[in-house]
Structures are given as structure tokens and as C-alpha cells.
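# Structure at a glance
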Amino acid sequence: MTDQTLTVRFFARLREELDTGELTLPADKAQTAGDLLASLASRGGPWAQLQGSQPVMIAINQAMAKPATPVKAGDEVAFFPPVTGG
Amino acid sequence: MISIQTEDFDSGAEYTALRDSGAGTGAIATFTGLVRDSGDTQDVSGLFLEHYPGMTEQVIAGLVEEASRRWDVRKARVIHRVGRLLLQEQIVFVGVCSAHRGDAFAACEFIMDALKTSAPFWKKELSEAGEHWVEQKASDVARGEAWDK
């Protein structure tokens, strides 16, 4: 199928507070991971924390990325709090 | 070999398996992490561990590769559990076989330190008082960064 969408995933505290594990969004809405964060944060309520004081880590296609990293159709973009395993 | 699993592991069996790493191995360092009764909160009765399937394995594989470039690593084993864990249960196992102890200690400690700050796992502390997502510690970040120097 021709996929003009992005998959956005959330983990841990963000997944719980946004009550969302996964979203599918049109890919043409965002050029970069930072655009995507800004667009999601503008939903307000708990979503505003995506651009709040607490750090949000970004992975694109399961590799760590930065707000300036470009996103394209078919990508899996994940947002999550700093990791705490071990 | 890297395993992310809900079930417990037998650290004795893991050690025995690590011994089968060739006649050049002269040292094995292992680390096991357990669920402790206090962290960000007190009277912790257990943990819930979440991870990012797929990315977790890739990140840890990268750490083992980096350790193998920096030190003599003949065999390495990493196990990390996810899901609900009770007090004193095993969380994580790292074992490294090297020719000499210096490399075994360093590679084992590096993998563990780097895992804590780069592998996508998240811990939630569970207690009578409720649940608390653990915050990343500056001391853990500093330990991870110290290996970059």
C-alpha cells in the first residue's frame, strides 16, 4: 500500500499521561521530529508537556534522533521520557 | 547474545554457559541487578518495567559491539527482564568473557552503565502509596558519559 502516514509511538509516563500508545498521522504535516512535537503539543491538555519543561527523547525508526531530524512517510517516530532501565 | 524477557533467569546457568568461550578466556565478570526496597520512593514492593521492543535489542547489540571494539571481549551475555517484578527479583544480567580481568571488568561495567542511559527501558516503582515513574539520575548520566572520555 502507498503509505503517506507516519506512525507515532509513546512510552512509559508519556504513554500513560497521553493515554496513547500509538497514533497514525498524515506525513505531510511535519518536516522534522520537532514539527511533529509542536503540532502534537498544540492539542493542549496533557499534550502540552511534549514542549514543556521535562525532556522528551526522540527516536526515528528505532534510532535516537533530534528535533531537527527530518521525518518522512512510513517512518516510526517515538517520543519518550529519559530512559531508566538496568 | 541478548534476551529481553518477562521470565526470571538462572545466573548460575548463565555463568556456566559463559565458561564455554574458548581456552583464551581467562576472566569472566558478571553483574546482576535486583529490585531494591527504595529508590525515588520508599517501601517499594515491586517494579513495572516497560521497553521499546526492537529498539532495545538494537541499542544493546550496539553497546556490546562497542565494548568489543574497546576491550578484549570473547563472549558477552545480556539479559533484561520486563513486566512486573517483585522485591529482590533479578532485573538484569551482564556477563563478559575476556583474556584478562581488566577487560572483563571494564566491558561489563561499560555495557551496564551505557545500558542505563541509552537502552529504552523505563521503570515504575510500585508501593502501597501508589506508582511512580522513576526519574533519570544525573549520577547515571555522568557514569555513562565518563566512558566517552
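Everything below is about the structure printed above this text.
### Quick look at the packing of helix 3 (residues 101–118) of chain B against helix 4 (residues 138–146) of chain B
All names here are of chain B.
- Between helix 3 and helix 4, the shortest axis-to-axis distance is 8 Å and the interhelical angle comes to 130°. Between helix 3 and helix 4, the interaxial angle falls into the category oblique. When the axes of helix 3 and helix 4 are compared, the crossing they make is left-handed. Side by side, helix 3 and helix 4 meet where E109, D113, K116 and T117 of the first sit next to D140, V141, R143 and G144 of the second.
- Partitioned by chemical class, the residues of the contact of helix 3 with helix 4 number one nonpolar, two polar and five charged.

### Some details on unusual backbone geometry
- The backbone phi angle of N61 of chain A is positive, close to 50°, even though this residue is not glycine.
- Locating N61 of chain A in the fold gives a position in the loop between strand 3 (57–60) and strand 4 (63–65).
- One non-glycine residue, Q88 of chain B, lies in the positive phi region at around 75°.
- Assignment of secondary structure puts Q88 of chain B in the loop between strand 5 (83–86) and strand 6 (90–98).
- Classification of Q88 of chain B as exposed rests on a relative accessible area of 56%.

### So, the sheet that holds strand 3 (residues 44–51) of chain B
Residues and elements named next belong to chain B.
- Read from one edge of the open sheet, four strands run 5-3-7-8, paired in antiparallel fashion. Here the strands that pair on one side only, and so sit at the sheet edges, are strand 5 and strand 8 (130–133). For this sheet the average axis-to-axis angle between neighbouring strands, irrespective of direction, equals 25°.
- Sheet topology note: the strand 7 (residues 121–127)/strand 8 ladder contains four bridges and is antiparallel. Looking at the pairing, S127 lines up with G130 of strand 8.

### Re the pattern of salt bridges
All names here are of chain A.
- Overall, the coordinates contain 15 salt bridges over all chains when judged by the stated rule.
- Here R13 and E17 are joined by a salt bridge, their closest N and O atoms 3.6 Å apart. Within this pair, R13 and its partner E17 are both found in helix 1 (residues 12–18), separated by four residues, close to a single helical turn.
- Among the charged side chains, a network of salt bridges with common partners joins R9, E22 and E76.

### Some thoughts on the state of the cysteines
Residues and elements named next belong to chain B.
- Counted under the stated rule, the structure contains zero disulfides over all chains.
- For C97, which is in no disulfide, the shortest distance to another cysteine sulfur is to C108 and amounts to 10 Å.
- Residue class for C97 comes out buried when judged on its relative accessible area of 0%.

### Some points on the pairing of strand 6 of chain B
Residue and element names in this part refer to chain B.
- Of all nine residues in strand 6, nine are buried, a share of seventy percent or more.
- As paired elements, strand 2 (residues 27–34) and strand 6 share eight bridges and run antiparallel to each other. What sits directly across from A27, in strand 6, is S98.
- Bridge analysis of strand 4 (residues 75–81) against strand 6 gives six bridges, and the strand direction is antiparallel. Directly across from H80, in strand 6, lies its bridge partner V92.

### As for the sheet that holds strand 4 of chain A
All names here are of chain A.
- Read across the sheet, five strands follow the order 2-1-5-3-4 without closing on themselves; strand pairing throughout is mixed. Strand pairing shows two members of the sheet lacking a second neighbour, strand 2 (22–26) and strand 4, which therefore form its edges. Averaged over neighbouring strand pairs, the angle between their axes works out to 30° when direction is ignored.

### Details of the environment of F9 of chain B
Residues and elements named next belong to chain B.
- By secondary structure assignment, the location of F9 is in the loop between strand 1 (2–5) and helix 1 (11–19).
- Taking C-alpha positions, F9 is 23 Å from G22, a pair spaced 13 residues apart along the chain.
- When near neighbours in sequence (up to four residues on either side) are disregarded, F9 contacts T32, I79, R81, Q90, I91, V92 and F93.

Calculation rules
- Residues numbered from 1 in each chain as written.
- Chains lettered and ligands numbered in written order.
- Predicted model: local features only at pLDDT ≥ 70, side-chain atom pairs only at ≥ 80, totals over all residues.
- Heavy atoms only, no water.
- Axes fitted to C-alpha atoms, helices over the stretch in contact; angles between N-to-C directions.
- Helix = DSSP H or I, 4+ residues; strand = E, 2+ residues; numbered from the N terminus.
- Parallel < 35°, antiparallel > 145°, perpendicular 65-115°, else oblique.
- Left-handed = near helix turned anticlockwise from the far one by under 90°.
- Contact = heavy atoms within 4.5 Å.
- Nonpolar A, V, L, I, M, F, W, Y, C, P; charged D, E, K, R; others polar.
- Buried < 20%, exposed > 50% of the residue type's maximum accessible area, 1.4 Å probe, protein only.
- Pairing = 2+ DSSP bridges.
- Salt bridge = Lys/Arg side-chain N within 4 Å of Asp/Glu carboxyl O.
- Disulfide = S-S within 2.5 Å.

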